[in-house]
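An overview of the molecular structure
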Amino acid sequence: RTFSGHRGAVHSVAFCPQGRSLVTASADSTARLWDVGSGLPVRDFTDHQHAVLSASFSTDGCMVLTSSACDARLFWSDSGECVQVLEGHRCRVNWAGFGLHNRAVVTASSDRSARVWSPLGWECVQAIEVSASCAVRSAAFGPDGRNIITAC
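1. Overview of the pattern of salt bridges
This structure, assessed with the given rule, holds three salt bridges. Asp144 serves as the salt-bridge partner of Arg146, at 3.4 Å between the closest nitrogen and oxygen. With relative accessibility at 69%, the residue Arg146 sits in the exposed group. Under the relative-accessibility criterion, Asp144 is labelled partly exposed at 36%.

What follows is the structure in structure tokens.
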């Protein structure tokens, strides 16, 4: 099946944990929720000012997390409402993802850092500066939710 409709390149795609929908991140400054069965768009997440670089679901599928040139954003997947903006990186946020059981979010940035955000107030609780002189392209929690790996 082909999912058509973005007006720019698609940077990432992720399935909802239940498998009935997927989310795409596009250079057209939107993330889009799609119905897998019909291939039709369900809703757009349009609060971004720049290209959306990544999009992913929470483990329960209730939230969508996006990253862009300025920040990361959390949306309710059922309404599309932006509920939180995660700001603090000094330049583009290349990736954002949920941790085990949605206990935290990790963001990866071209400012050579990854940040861990707590869902209790959505404050940055840890900033990880990488020693390599390159942008952090992605980051992920380990299976236990305690360790973080980054890719440059």
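More follows now that the structure is in view.
2. Re the sheet that holds strand S2 (residues 21-26)
One open sheet holds the four strands; their spatial order is S1-S2-S3-S4, and the pairing between them is antiparallel. Of all strands in the sheet, those with a lone pairing partner are strand S1 (10-15) and strand S4 (41-45), marking the two edges. Strand after strand, the sheet turns through a mean of 20 degrees between neighbouring axes, direction not considered. The pairing of S1 with S2 spans five bridges and is classified as antiparallel. Looking at S2, one finds that Phe15 is bridged to Leu22.

3. Topic: the nonpolar core
Within the largest apolar cluster, twelve residues are counted, these being Ala14, Cys16, Val23, Ala25, Ala31, Leu33, Phe45, Val52, Ala55, Phe57, Val64 and Phe75. Elements supplying a minimum of two residues to this core: S2, strand S3 (31-35) and strand S5 (52-57). Considering every element that reaches this core, the biggest residue donor is S5, with three residues. Non-local contacts of Ala55, meaning those with residues more than four positions away in its chain, are made with Ser12, Ala14, Val23, Thr24, Ala25, Leu65 and Thr66. Grouped together as the second largest cluster of nonpolar side chains are ten residues, Leu65, Leu74, Val105 and Trp117 included.

4. Structural notes on the environment of Gly5
With respect to the element layout, Gly5 can be found in the segment before S1. Separated by 31 residues in the primary sequence, Gly5 and Val36 have C-alpha atoms spaced 14 Å apart. Ignoring sequence-local partners within four residues, the contact set of Gly5 consists of Arg32 and Trp34.

5. Notes on the environment of Arg103
Among the structural elements, Arg103 can be located in the loop between strand S9 (93-98) and strand S10 (105-109). Take Arg103: its relative accessible area is 58%, and that puts it in the exposed class. Arg103 sits 15 residues away from Ser118 along the chain, and the two C-alpha atoms are 6.9 Å apart.

6. Section: the packing of aromatic side chains
Under the counting rule described, the total for this entry stands at two aromatic pairs. Here the aromatic rings of Phe3 and Trp34 are separated by 5.6 Å at their centres, their planes lie at 75 degrees, and the arrangement is edge-to-face. With a gap of 31 residues between them, Phe3 in the segment before S1 and Trp34 in strand S3 connect regions that are remote in the sequence. Among the residues examined, Phe3 registers a relative accessible area of 27% and is labelled partly exposed.

Procedures and definitions
Residues numbered from 1 in each chain as written. Predicted model: local features only at pLDDT ≥ 70, side-chain atom pairs only at ≥ 80, totals over all residues. Heavy atoms only, no water. Salt bridge = Lys/Arg side-chain N within 4 Å of Asp/Glu carboxyl O. Buried < 20%, exposed > 50% of the residue type's maximum accessible area, 1.4 Å probe, protein only. Pairing = 2+ DSSP bridges. Helix = DSSP H or I, 4+ residues; strand = E, 2+ residues; numbered from the N terminus. Axes fitted to C-alpha atoms, helices over the stretch in contact; angles between N-to-C directions. Core = buried A, V, L, I, M, F, W, Y, C linked by side-chain atoms within 4.5 Å. Contact = heavy atoms within 4.5 Å. Phe/Tyr/Trp six-rings, centres within 6.5 Å; stacked < 30°, edge-to-face > 60°.

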